[in-house]
Amino acid sequence: MLQELLDETMTSLRSAVDAASPRIQLHETGTVLHVGGGIARLKGLPGITSDELIQFPDKVLGIAINLEPNEIGVMLLGDSNKLSAGIEVSATGREADTPVGEGLLGRVLDATGRALDHGKPLQFSERWPIERPAPAIIDRAPVTVPLETGIKAIDALIPIGRGQRELIVGDRQTGKSSVAVDTIINQRGKGVICIYCAIGQRGTAVARVVENLRNNQALEHTIVVVASDEDPPGLRFITPYAATSMAEYFMEQGQDTLIVYDDLTRHARAYRELSLLLRRPPGREAYPGDIFYIHSRLLERATHLHDKRGGGSMTALPIIETQAQDISAYIPTNLISITDGQIYLSPSLFHKGLLPAIDVGKSVSRVGGKTQYPAFRSVAGDLRLAYSQFEELESFARFATRLDKETRATIEHGRRVREVLKQSEHHPLRASEQMAILKAVNAGRLDDFPLDIIADVEAAIQQRVVEALPELCEQMEAGEKLDDTQWQQVLDVIDKVLSEWPREVRE
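Parameters and conventions
- Residues numbered from 1 in each chain as written.
- Predicted model: local features only at pLDDT ≥ 70, side-chain atom pairs only at ≥ 80, totals over all residues.
- Heavy atoms only, no water.
- Pairing = 2+ DSSP bridges.
- Helix = DSSP H or I, 4+ residues; strand = E, 2+ residues; numbered from the N terminus.
- Axes fitted to C-alpha atoms, helices over the stretch in contact; angles between N-to-C directions.
- Contact = heavy atoms within 4.5 Å.
- Buried < 20%, exposed > 50% of the residue type's maximum accessible area, 1.4 Å probe, protein only.
- Parallel < 35°, antiparallel > 145°, perpendicular 65-115°, else oblique.
- Left-handed = near helix turned anticlockwise from the far one by under 90°.
- Nonpolar A, V, L, I, M, F, W, Y, C, P; charged D, E, K, R; others polar.
- Core = buried A, V, L, I, M, F, W, Y, C linked by side-chain atoms within 4.5 Å.
- Lys, Arg positive; Asp, Glu negative; His and termini not counted.
- Salt bridge = Lys/Arg side-chain N within 4 Å of Asp/Glu carboxyl O.
- Polar contact = N/O pair within 3.5 Å; in protein donor to acceptor, adjacent residues only side chain to side chain.
- Patch = residues over 30% accessible without salt bridge, like charges linked within 9 Å, V, L, I, M, F, W, Y side chains within 5 Å.
- Areas by Shrake-Rupley, 256 points an atom, 1.4 Å probe, with all protein chains shown as cover.

A. Structural view of the sheet that holds strand 1 (residues 29-36). Strand order in the closed barrel made by the six strands is 1-2-5-4-3-6, with antiparallel pairing throughout. If you compare each strand with its neighbour and ignore which way they point, the axes differ by 45 degrees on average. Here three bridges tie strand 3 (residues 52-55) to strand 4 (residues 61-67), and the two strands are oriented antiparallel to one another. By the bridge assignment for strand 4, I54 is matched with G62. Where helix 5 (residues 233-252) meets the sheet, it contacts strand 4 and strand 5 (72-76), and its direction lies at approximately 80 degrees from that of strand 5.

Listed below in structure tokens is the structure:
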């Protein structure tokens, strides 16, 4: 009995050995020559390709970006303190990728897919390459649908469309991030997936943004991708590309997405740091010669896809920091030429308390005007002209001792327009609420009210119009054009609200 069992076992083993065919697997290794400053130089790895991932000890990854005859330049994605010259590394045979999918919504993570919010493990089924070719021209469609920011000054005067690339530019501490975060908050319930990409930001600043999104119920439709100022420059460099791949996943599914890059100034500095450490020739302001290309290939991925490709869209809001209001510097002019317009935030307006500090004269949207709701366009056209005339007159009026009645009236009207364009942080408005107050100020209904009560009058008008004319508000927000009779209904409600204010409070 025992002998039979042994015979059967041996027969099975012989069959398994005969069936097994040994395979020789090529495994390339290399040696570290130098490591430090977030980069490494290697020798060996003869079959390595550009942008291929390289595995270092202690689970540290790197990306090959310099392929030279005698050595390979690698940017590291992890802590290099434990690495040293002489250690062995291996090629992985795959390019850098990042997780994508619905399971990332509401989470905070880095470009490699590491969760940073101390929550449960990330749920995802796919990983996409961080570098993907931009959609071909034939796959793109015109930008036709507005992306509502909820900010009066933008939606009325510098409208943005879904699939557009609109630059937010200004000096530090002028409210650039607040404009972008308010736009994300306003997408709540509109079916737009948002990606907030923080590059080189302090941890406290990112935590504050996450808290604001959570408090305004906007984190559920948002993915926060972070590379802090303490992370190696390689991780800071790949973060916006990884965030764009996450947004592209939803765009390919036919959904609308919004991605905020905060900010690309720090991204450019990270690339300059890597390039100088890898001994690439410096150019203007010590940036490498391909600095324009690294941003253009990133932002070209934002578009509105043709219906045959699902009709999804990706709207990009890159942020750039200027020095002493110099928008003609190297990186700002690069981004201005790549994008479809810019929103300029002025430090002088910020210090005057005119928030958001958007300089209408220096801001432009080259695409979004075609997407603006017809009802919005009817009130915004007059508004921009009146505001431009006011700014010009106000600057000259400082030198005049006497002004004629018409000039004084224009200046007083302009001051009320400027007051109406003020808006509290994290308080986006519905399109109908914006149109109501803009119609009121355009029609001169607020010219008799002192500036210090305009905010209270505005809130009363918005509340009453939404309550009294719900169907008309729905028409406005559906993009339908209003005729003169319907606009008169809006004005009647406004007049009724204003009549309730005592005459004593008016000037």
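Still more to cover.
B. Representation of helix 8 (residues 330-338) within the structure. The buried fraction of helix 8 is high, at seven of nine residues. When helix 8 is considered as a whole, its buried residues turn out to be Y330, I331, P332, N334, L335, I336 and I338. Buried residues along helix 8 sit against strand 10 (167-171), helix 6 (264-277), helix 7 (291-299), strand 14 (313-322) and strand 15 (341-345).

C. Expanded view of the packing of helix 10 (residues 374-397) against helix 12 (residues 431-442). Orientation of helix 10 relative to helix 12, taken along the N-to-C sense of each, is 40 degrees, at an axis distance of 10 Å. With respect to their mutual orientation, helix 10 and helix 12 come out oblique. Every pair of crossing elements has a handedness; the one defined by helix 10 and helix 12 is left-handed. Judged by residue contacts, A375, F376, V379, D382 and L383 of helix 10 engage A431, Q434, M435, L438, K439, V441 and N442 from helix 12. The residue makeup of the contact of helix 10 with helix 12, split by class, is eight nonpolar, two polar and two charged.

D. Geometry of unusual backbone geometry. For the bond running from D262 to D263, omega is -5 degrees, close enough to zero to count as cis. Within the secondary structure, D263 is located in the loop between strand 13 (256-262) and helix 6. Omega for the bond connecting L355 with P356 falls within 30 degrees of zero, at -5 degrees, which places this linkage in the cis form. Backbone geometry places E285, a non-glycine residue, at a positive phi of 55 degrees. Residue placement: E285 occurs in the loop between helix 6 and helix 7. Residue classification places E285 among the partly exposed positions, given a relative accessible area of 43%. Positive phi is not limited to glycine here, since H426 has a value of about 55 degrees. Tracing the chain through its elements places H426 in the loop between helix 11 (405-420) and helix 12.

E. View of the nonpolar core. With 74 residues, the main nonpolar core has L213, V224, L438, L446 and I461 as its most contacted residues. Looking at this core, the element that brings in the most residues is helix 10, giving eight residues. With residues up to four places along the chain from it excluded, the contact list for L213 reads V181, I184, I185, A218, L219, T222 and V224. The next biggest cluster of nonpolar side chains, apart from the first, holds 57 residues, and it includes L105, V225, A268 and L335.

F. Expanded view of the sheet that holds strand 13. Strand order in the open sheet formed by eight strands is 8-12-11-13-14-10-15-16, and the pairing between neighbours is mixed. Every interior strand has two partners, whereas the edge strands, strand 8 (108-109) and strand 16 (364-365), have only one. Judged from the two bridges that link them, strand 8 and strand 12 (residues 222-228) form a sheet pairing that is parallel. Looking at strand 12, one finds that V108 is bridged to V224. In this fold helix 8 packs onto strand 10, strand 14 and strand 15, with an angle of close to 160 degrees to the strand it touches most, strand 14.

G. View of the side chain of R280. Counting through the fold element by element, R280 comes out in the loop between helix 6 and helix 7. Buried charge R280 goes without a salt bridge, the closest partner of opposite sign being D290 at 4.2 Å. Here I65 takes part through its backbone oxygen, which lies 3.0 Å from a polar atom of the side chain of R280. With near-sequence residues (within four places) excluded, R280 lies in contact with I65, N66, Y271, S275 and D290.

H. Fine view of the environment of P146. Among the secondary structure elements, P146 is positioned in the loop between strand 9 (126-129) and helix 2 (152-157). For P146, a relative accessible area of 13% gives the class buried. Distance from P146 to P159, taken between C-alpha atoms, is 7.3 Å for residues 13 residues apart in sequence. Those residues in contact with P146 that lie beyond four places of it in its chain are I160, G161, R162, T371 and Y373.

I. Spotlight on the pattern of salt bridges. Inspection of the entire model under this criterion finds 26 salt bridges. As a salt-bridge pair, R309 and D139 come within 2.8 Å of each other at their nearest N and O atoms. Taken together, the residues R309 in the loop between helix 7 and strand 14 and D139 in the loop between strand 9 and helix 2 connect sequence positions 170 residues apart. The exposure class assigned to R309 is partly exposed, which follows from its relative accessible area of 27%. Of the charged contacts in the structure, one is a salt bridge between E458 and K152, with a shortest N-O distance of 2.4 Å. In this pair, E458 is assigned in helix 13 (residues 454-468) and K152 in helix 2, connecting sequence segments 306 residues apart. Judged on exposure class, the residue E458 and its partner K152 are both buried. Ionic contacts of the salt-bridge type, sharing partners, join the residues E394, E412, R415, R416 and R418 into one network.

J. Expanded view of a nonpolar patch on the surface. A cluster of nonpolar side chains, contributed by L2, L5 and L6, occupies part of the molecular surface with about 310 Å² of accessible area. Examined against the element boundaries, L6 turns out to sit in helix 1 (residues 2-19). Here L6 falls in the partly exposed class, since its relative accessible area comes to 47%.

K. The arrangement of the packing of helix 10 against helix 11 in detail. One way to put it is that helix 10 packs onto helix 11 with a least axis distance of 8 Å and a crossing angle of 120 degrees. The handedness of the crossing between helix 10 and helix 11 is left-handed. Facing helix 10, whose interface residues are L383, A386, Y387, F390, L393, E394 and A397, helix 11 presents T407, T410, I411, H413, G414, R415, V417 and R418. Of the residues that constitute the contact of helix 10 with helix 11, the class distribution is eight nonpolar, four polar and three charged.

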